[in-house]
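Structural characterization, general
The lines below spell out each chain.
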Amino acid sequence: MNTTIASNISLSFSQRLVAGTLALMLGLALIVGVGFSSDMAVHNGAHDARHAAGLPCH
Amino acid sequence: MFGRILFAAVLAGLLAGLAMSVVQIGRTSALILEAEAYEVAESGPTGVAPAAETGPRPFSPAPGFERNALTVLANMLLGAGIALTLAGVSTLANMPVNTGNGLVWGLFGFIAITLAPAFGLPPELPGKIAAELGSRQTWWWSTVLVTATAFLAVARFRTPIVLVIAAAVVLAPHLIGAPAAPVVVNGPAGPPAGLTADFVVATLLQMLVLWLVIGFGYGWLLDRFAKKATPA
């Protein structure tokens, strides 16, 4: 029914709300976990990635 | 349908992290190692020493393969995180990413999330003297949040008044100013300026790679999944 190229997702408002919120929460959790966690083991493992991403690290 | 969004974002993000790792392993990581050599020469053991050294030492990867493997893994997870965040924002704002506009999403993501905070807080080599961590993280998150919101507002509404407000909002964190590094009179000088310049260029390049692959990859995958689901 849709002919525009922009319509690769056709979701209702509530579906968008759930899917978007879920993606956003998961994404932010990953960013905070990898990039900002103060746990020293995580810090040391992700150290070079954090510096390369320009995140305020230590 | 949910699955498509999440799967496309995770796949694009992991691939982008892998692509960015080519630049990191080939260039950026070598510069980090070089900076650490200065750090050791100036102040003893590498990295930040935890305040209390009494407990068991926290995990630290062995130099070489283990350290690089973890860097690639962290890059891929960070890529997935950024791609999922982009997918979430685009879905909530009802502004779909597709093959045609994916690179534009990636470019503006790079400007908002990488370049804007880097203008006030340039990517740091280990050993760089900087302001207190908490204040820098607060400035980083605030800058990222207001810049990305301003860009989205302009893309969504495209009116002169929104443009003017967005420009003011984008400039605000820089007018307020990032937390300044303390002036060190008689302490470690930090990594040499030339090394820092090389490092900043390398990190910005690898983050640009990450963003462009995320933007294009996510849009392309969504289009592909949509085509498969509804064969014309």
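Before going into details, it helps to say that this report is about the structure given with it.

What counts, and at which threshold
Residues numbered from 1 in each chain as written. Chains lettered and ligands numbered in written order. Predicted model: local features only at pLDDT ≥ 70, side-chain atom pairs only at ≥ 80, totals over all residues. Heavy atoms only, no water. Helix = DSSP H or I, 4+ residues; strand = E, 2+ residues; numbered from the N terminus. Buried < 20%, exposed > 50% of the residue type's maximum accessible area, 1.4 Å probe, protein only. Contact = heavy atoms within 4.5 Å. Areas by Shrake-Rupley, 256 points an atom, 1.4 Å probe, with all protein chains shown as cover. Lys, Arg positive; Asp, Glu negative; His and termini not counted. Charge placed at Lys NZ, Arg CZ, Asp CG, Glu CD. Expected span 1.5 Å × (residues − 1). Bend = angle between axes of the 7 residues up to and from the residue. 1 Å grid on protein atoms, 1.4 Å probe; cavity = no way out; pocket = protein on both sides within 12 Å on 5 of 7 lines; lining within 4 Å. Points joined across faces, edges and corners; volume = space filled by probe spheres on them. Nonpolar A, V, L, I, M, F, W, Y, C, P; charged D, E, K, R; others polar. Axes fitted to C-alpha atoms, helices over the stretch in contact; angles between N-to-C directions. Parallel < 35°, antiparallel > 145°, perpendicular 65-115°, else oblique. Left-handed = near helix turned anticlockwise from the far one by under 90°. Salt bridge = Lys/Arg side-chain N within 4 Å of Asp/Glu carboxyl O. Core = buried A, V, L, I, M, F, W, Y, C linked by side-chain atoms within 4.5 Å.

On to the overall build of chain B. Per the secondary structure count, chain B includes six helices and zero strands. Each principal axis of the C-alpha distribution contributes one length, and for chain B these read about 65 × 45 × 35 Å. Here chain B holds 232 residues, and the buried ones make up 38% of them. By sequence separation, contacts in chain B at least 24 residues apart represent 84% of the contacts at least 6 residues apart. Summed over all atoms, the accessible surface of chain B reaches about 11800 Å², with 73% contributed by carbon and sulfur. Side chains of chain B carry 11 positive and 10 negative charges; the gap between the two charge centres is 20 Å.

The next point concerns helix 5 (residues 160-176) of chain B. All names here are of chain B. Over its 17 residues, helix 5 runs 24 Å from end to end, which matches the ideal 24 Å to within 8%, given 1.5 Å per residue. At V170, helix 5 shows its maximal kink, close to 25°; a proline, P173, follows between one and four residues later. All buried positions along helix 5 are accounted for by V162, A166 and P173. The elements touched by buried residues of helix 5 are helix 4 (133-157). Phi turns positive, to about 100°, at G177, one or two residues after helix 5.

Here we come to the layout of surface pockets. Residue and element names in this part refer to chain B. Estimates place the volume of the largest pocket at around 930 Å³. W105, G109, I113, A148 and L152 are, among the 33 residues lining the largest pocket, the residues nearest its centre. In terms of residues, the lining of the largest pocket owes the most to one element, helix 4, which gives 10 residues. For the lining of the largest pocket, the per-class residue count stands at 27 nonpolar, five polar and one charged.

Residue and element names in this part refer to chain B. Look at helix 2 (residues 65-92) against helix 6 (residues 193-229): their axes get within 10 Å of each other, and the N-to-C directions meet at 50°. The angle between helix 2 and helix 6 places the two elements in the oblique class. Every pair of crossing elements has a handedness; the one defined by helix 2 and helix 6 is right-handed. Taking contact as the criterion, the partners of N75, G79, I82, A83, L86, A87 and T91 in helix 2 are, on helix 6, Q206, L210, W211, I214 and Y218. Counted by class, the contact of helix 2 with helix 6 contains eight nonpolar, four polar and no charged residues.

What follows covers empty space enclosed by the protein. Counted by the stated rule, this structure contains two cavities of 30 Å³ or more. Roughly 50 Å³ of volume is contained in the largest cavity. Take the lining of the largest cavity: its biggest share by element is four residues, from helix 3 (residues 102-120) of chain B. Looking at the lining of the largest cavity residue by residue, the class counts come to eight nonpolar, two polar and no charged. Of the pockets and cavities examined, the second largest cavity occupies roughly 40 Å³. Contributing to the lining of the second largest cavity are G54, L55 and P56 of chain A together with L121, P122, P123, E124 and R136 of chain B. Of the residues assigned to the lining of the second largest cavity, the class counts are five nonpolar, one polar and two charged.

This part takes up the pattern of salt bridges. Summed over all chains, the structure comprises four salt bridges over all chains. With a shortest N-O distance of 3.8 Å, D198 of chain B and R27 of chain B are connected by a salt bridge. Residue D198 of chain B is found in helix 6, and its partner R27 of chain B is found in helix 1 (residues 2-43); the two are separated by 171 residues along the sequence. The shortest N-O distance in the salt bridge between R136 of chain B and E124 of chain B comes to 2.7 Å. Here R136 of chain B is found in helix 4, whereas its partner E124 of chain B is found in the loop between helix 3 and helix 4, with 12 residues between them in sequence. Exposure remark for R136 of chain B: the relative accessible area of 2% places this residue in the buried category. Here the salt bridges share partners, and the residues they tie into one network are D48 of chain A together with E36 and R67 of chain B.

Now for the nonpolar core. Judged by nonpolar contacts, the single largest core of 38 residues is most densely connected at L86, M207, L210, I214 and Y218 of chain B. Residue assignment for this core shows that the elements contributing at least two residues are helix 1 (13-35) of chain A together with helix 1, helix 2, helix 3, helix 4 and helix 6 of chain B. A total of eight residues in this core trace back to one element, the largest contributor, which is helix 6 of chain B. Contact partners of L86 of chain B, with chain neighbours within four places excluded, come to V97, W105, W211, I214 and Y218 of chain B. Counting seven residues, the second largest nonpolar core, distinct from the first, contains L31, L125, F199 and A202 of chain B.

For the rest of this paragraph, the subject is the packing of helix 3 of chain B against helix 6 of chain B. All names here are of chain B. At a minimum axis separation of 7 Å, helix 3 and helix 6 run at an interaxial angle of 145°. Note that helix 3 runs across helix 6; the crossing there is right-handed. Residues G102, L103, G106, L107, G109, F110, I113, T114, L115 and A118 of helix 3 lie in contact with helix 6, whose contacting residues are L204, M207, L208, W211, L212, G215 and F216. Residues belonging to the contact of helix 3 with helix 6 are distributed by class as follows: 12 nonpolar, five polar and no charged.

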